[in-house]
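So you can see what is in the structure, the chains are spelled out below.
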Amino acid sequence: MRSMTLVIERVKRSSKQAGKSSRGEEATGDARRDRWRKHRIARRKEFVEAALRALDTHGPDLGMEDVAAEAGVTKPVLYRHFDDKADLYVALGQRGTEILFERLIPAINAELAPVPRIRMALDAFFTVIEEHPNLYRLLAHGRPEKPVSSDVVAEDKELIATALTALLGDYMRMFNMDSGAAEPWAHGIVGMVQNTGEWWLDRRSMSRDAVVEYLTQIIWAAIDGLTRQNGVVIDPNLPLEANKVVQLGRTSESLEETS
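Residues numbered from 1 in each chain as written. Predicted model: local features only at pLDDT ≥ 70, side-chain atom pairs only at ≥ 80, totals over all residues. Heavy atoms only, no water.

Under an unreviewed UniProt entry, the name given to the protein chain is TetR family transcriptional regulator, and the organism recorded is Amycolatopsis bullii.

Structure follows, in structure tokens:
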């Protein structure tokens, strides 16, 4: 699937960045050198987690000095693992994707009735952006001085929309409906959820539960309306006979396979 290919490409890019910041070291069969390489990769991950904490304190305009202070090291130590702020930005994007997919994919694939399944997937997304609002703002709007190699938010939107297209298409074919609508429908849903998420982060005029429930009702109304037009009536609170799933591996699992 194209969605799986994009995930693997993202992971490979991140792995290359990590390798580059580790003086280009690769597995050599030399036990000592390989242990050192693993240590440097582990340290880089520790610094990414420190950057996430610094984001909570300083917001999307954080500097490398803020990350170094949070990690308890000097800036020169940090620059041994990241070439520059753009390199750190890519690593944060990779971590953000992992966090999102760890929550979102199990929710989308939950063996639940249609409406609870939609609600659970939406709640997963909104929980992530609520817990990491500055990370989302940085990836969606912040740009380091140097251009980065990928647009994380745009790529994640494409990944999710592609996977959702396959999921909707499977269900539409199961009900003998024209599955041609699956792709524009999927992109429309993803765009609506993202735009609503950005609005919600800025306004916070209602609770997370409320915005999730409103979106659940809107999405289900669209599904119910379309299926009824085709003579199909679905009970929103009864699991469907066939539980179609998104065939999209989590980034962390792909990383283990490709590292």
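A. A look at the overall build of the protein chain. Counting its regular elements, the protein chain contains 11 helices and 0 strands. Starting at the N terminus, the α and β elements of the protein chain follow one another as α-α-α-α-α-α-α-α-α-α-α. Here the protein chain holds 259 residues, and 48% of them are scored as buried. Long-range contacts, defined as pairs at least 24 residues apart, comprise 72% of the intrachain contacts of the protein chain with a sequence gap of at least 6. In the structure as shown, the protein chain presents an accessible area of about 13,300 Å², 51% of it carried by carbon and sulfur atoms. (Helix = DSSP H or I, 4+ residues; strand = E, 2+ residues; numbered from the N terminus. Buried < 20%, exposed > 50% of the residue type's maximum accessible area, 1.4 Å probe, protein only. Contact = heavy atoms within 4.5 Å. Areas by Shrake-Rupley, 256 points an atom, 1.4 Å probe, with all protein chains shown as cover.)

B. Focus on the nonpolar core. Ranked by size, the top nonpolar core spans 66 residues in total, and within it F82, L92 and F126 carry the most contacts. Look past the residues within four positions of F126 in its chain and what remains in contact with it is V193, T196, G197, W200, R208, V211, V212 and L215. (Core = buried A, V, L, I, M, F, W, Y, C linked by side-chain atoms within 4.5 Å.)

C. Broad picture of helix α9 (residues 182-203). Compared with an ideal rise of 1.5 Å per residue, which puts 22 residues at 32 Å, α9 spans 31 Å between its outermost C-alpha atoms and is within 8% of the ideal. Taken together, the buried positions of α9 are occupied by A182, W185, A186, I189, V190, G191, V193, Q194, T196, G197, W200 and L201. Along its buried surface, α9 packs onto α6 (114-131), α7 (133-141), α8 (152-174) and α10 (208-229). Of the residues one or two after α9, R204 is the one with positive phi, at around 50°. (Expected span 1.5 Å × (residues − 1).)

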